[in-house]
Amino acid sequence: VSSTPSQSADNRRFVLAKRPDGLPQASDFRLETGPIPKPGRGQFLVRNVYIPVDPGMRPGLSDDTTGVQAFAPVPLGAVVGYLTVGQVVRSEHPVFAPGDWVTDHLLWQDYAVSDGTRARKIALHPNLSPSTACGVLGVPGLSAYFGTLAVAEVKPGDVVLVTSIAGAVGSIAGQIAALKGCRVVGTAGGAKKCAWAKERFGFADIVDYKARPDLAAALREICRDGIDVLFDNVGNAMIDLVLPLMRRNGRIVICGQVADYGIPYRDMAGIRNTNRFAFQQLTLRGLFTPAFEDRYPTAIAEMTDWILDGKLTYVEDIETGFEKLPTAFASLFRGENLGRKLIKTG
Ligand SMILES: NC(=O)c1ccc[n+]([C@@H]2O[C@H](COP(=O)([O-])OP(=O)(O)OC[C@H]3O[C@@H](n4cnc5c(N)ncnc54)[C@H](OP(=O)(O)O)[C@@H]3O)[C@@H](O)[C@H]2O)c1
């Protein structure tokens with residue numbers, strides 16, 4: 001038990017006001033306030049300090065049931081969000097104590113109660129902010145780590161194409177592949193963003209897909225001998241376009257499908273160049289990062305060493321102000337973020 005915010009203080013939270021029509025808008029969410037919840041026996045109260053915005057939240061905002069929805073739709077009026085980083089302010093739990101930094105599924109709200117089942121204590125490093133637990137040392141970085149090393153099994157000399165390479169997952173995936181001796185190429189939207197990612201992360205070859213309507217020709221120009229690994233964050237049309245460029249025994253990893261999120265099943269692009277799978281003996285594997293949860297500690301320790309040794313760098317695109325969550329989320333779908341987009345609650 002410790003100093004607790006007054007029970008009459010407001011707990012701000014964003015709920016789903018209406019289902020987005022196409023690209024999400026800030027007006028799809030509604031700010032509500034309520035009392036700060038009280039932890040019961042075996043629970044603790046967390047104040048969210050860093051709340052990231054995740055493109056992967058978009059599919060659950062729709063209720064299109066004609067396709068196969070991976071997650072159940074968020075009910076209208078329910079609090080939205082995903083993993084956050086915060087500090088325990090009051091505890092009736094044997095393991096989590098006031099002052100502990102934790103990451104947990106605590107959604108877009110100031111305060112939330114957890115029973116600890118899905119919470120992870122953050123081992124704070126003096127040179128690293130707790131925010132890294134929802135960035136480079138959280139699900140985005142872990143997706144990059146397991147997607148490149150465990151799913152694609154990149155090896156020295158591979159040509160690895162990472163899409164959305166300036167983003168939270170892509171910027172780390174590209175660097176890990178480079179660390180392993182691969183040649184890394186990428187795609188990003190806009191000349192300024194491509195130049196920024198080259199400069200910031202040292203990627204030599206990034207194609208601005210917004211400026212190159214013939215993206216396949218642009219990729220062929222810089223990957224004359226083909227591509228061994230596609231680490232895809234974009235979706236079906238991108239995979240279809242890259243398939244003819246894949247080299248024998250190439251591997252395609254589906255990490256994200258941002259261009260397909262929220263598109264009704266009947267309008268979604270398909271993957272048609274499937275003859276390439278047999279001809280070039282390709283494999284396509286999906287990445288579901290939580291499936292690697294038992295290996296998170298090893299991955300986090302290794303990535304922490306890389307960061308401290310200067311081998312891995314990361315960018316946090318932080319805005320302060322809880323109320324900015326909806327606009328920050330919508331901005332992801334216009335490609336306005338540089339690296340990991342997150343909100344510091346204040
Ligand atoms: N499989 C898993 O377990 C797992 C875990 C975490 C995340 N993910 C997925 O990984 C992907 C990347 O996540 P992130 O957090 O790193 O996001 P992010 O790349 O930091 O941000 C999203 C980026 O997507 C690009 N984009 C938006 N709309 C697009 C469109 N219509 N076509 C092409 N590109 C578009 C934009 O970059 P540009 O400038 O390039 O346009 C934008 O900056 C997401 O799809 C996410 O759902 C999967």
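Refer to the preceding data block for the structure.
Below you will find a few notes about this structure. Note that the structure is predicted; figures quoted are calculated from it, not measured.

**Considering the overall build of the protein**
(1) Moving on: Broken down by element type, the protein carries eight helices and 15 strands.
(2) Moving on: The C-alpha radius of gyration computed for the protein amounts to 21 Å, which stays within 12% of the reference 20 Å derived for 346 residues, consistent with globular compactness.
(3) Moving on: Its C-alpha atoms put the protein at 65 × 45 × 35 Å along the principal axes.
(4) Moving on: Looking at the protein residue by residue over its 346 residues, the buried ones come to 50%.
(5) Moving on: Residue pairs at least 24 apart in sequence account for 68% of intrachain contacts in the protein once pairs closer than 6 positions are excluded.
(6) Moving on: A total accessible area of about 15500 Å² is found for the protein, and carbon and sulfur atoms account for 52% of it.
(7) Moving on: When the 38 basic and 35 acidic side-chain charges of the protein are each reduced to a single mean position, those positions are 1 Å apart.

**Some thoughts on the pairing of strand β11 (residues 227-232)**
Looking along a regular strand, one sees side chains alternate from face to face of the sheet.
(1) Moving on: The element β11 is extensively covered by neighbouring structure, given that six of its six residues are classed as buried.
(2) Moving on: Relative to β11, strand β8 (residues 159-162) runs parallel, the two sharing three bridges. Residue pairing in the sheet places V160 in a bridge with V229 of β11.
(3) Moving on: Across five bridges, β11 lies against strand β12 (residues 246-254) in parallel orientation. When the bridges of β12 are listed, L230 appears paired with I252.

**Quick look at the site of the ligand**
(1) Moving on: Lining the immediate surroundings of the ligand are 29 residues, of which V169, Y209, Y261, L287 and N337 lie closest.
(2) Moving on: Side-chain polar atom of Y261 to an oxygen atom of the ligand: 2.7 Å apart, as the coordinates give it.
(3) Moving on: At 2.5 Å from an oxygen atom of the ligand is found a side-chain nitrogen or oxygen belonging to N337.
(4) Moving on: At the level of secondary structure, the elements contributing two or more residues to the shell around the ligand comprise α1 (139-151) and α2 (168-179).
(5) Moving on: Per-class residue counts for the shell around the ligand are 15 nonpolar, 12 polar and two charged.

**Focus: helix α4 (residues 215-222)**
(1) Moving on: Looking at α4, one finds that the buried residues are L215, A218 and L219. Angularly, the buried residues of α4 cover 95° about the axis, an arc narrow enough to put them on a single face.
(2) Moving on: Taken together, the buried residues of α4 touch β8, β9 (183-188), β10 (205-208) and α5 (236-242).

What counts and what doesn't
Residues numbered from 1 in each chain as written. Predicted model: local features only at pLDDT ≥ 70, side-chain atom pairs only at ≥ 80, totals over all residues. Heavy atoms only, no water. Helix = DSSP H or I, 4+ residues; strand = E, 2+ residues; numbered from the N terminus. Rg over C-alpha atoms; globule rule 2.2 N^0.38 Å. Buried < 20%, exposed > 50% of the residue type's maximum accessible area, 1.4 Å probe, protein only. Contact = heavy atoms within 4.5 Å. Areas by Shrake-Rupley, 256 points an atom, 1.4 Å probe, with all protein chains shown as cover. Lys, Arg positive; Asp, Glu negative; His and termini not counted. Charge placed at Lys NZ, Arg CZ, Asp CG, Glu CD. Pairing = 2+ DSSP bridges. Near = heavy atom within 4 Å. Polar contact = N/O pair within 3.5 Å; in protein donor to acceptor, adjacent residues only side chain to side chain. Nonpolar A, V, L, I, M, F, W, Y, C, P; charged D, E, K, R; others polar. Arc of directions from axis to C-beta.

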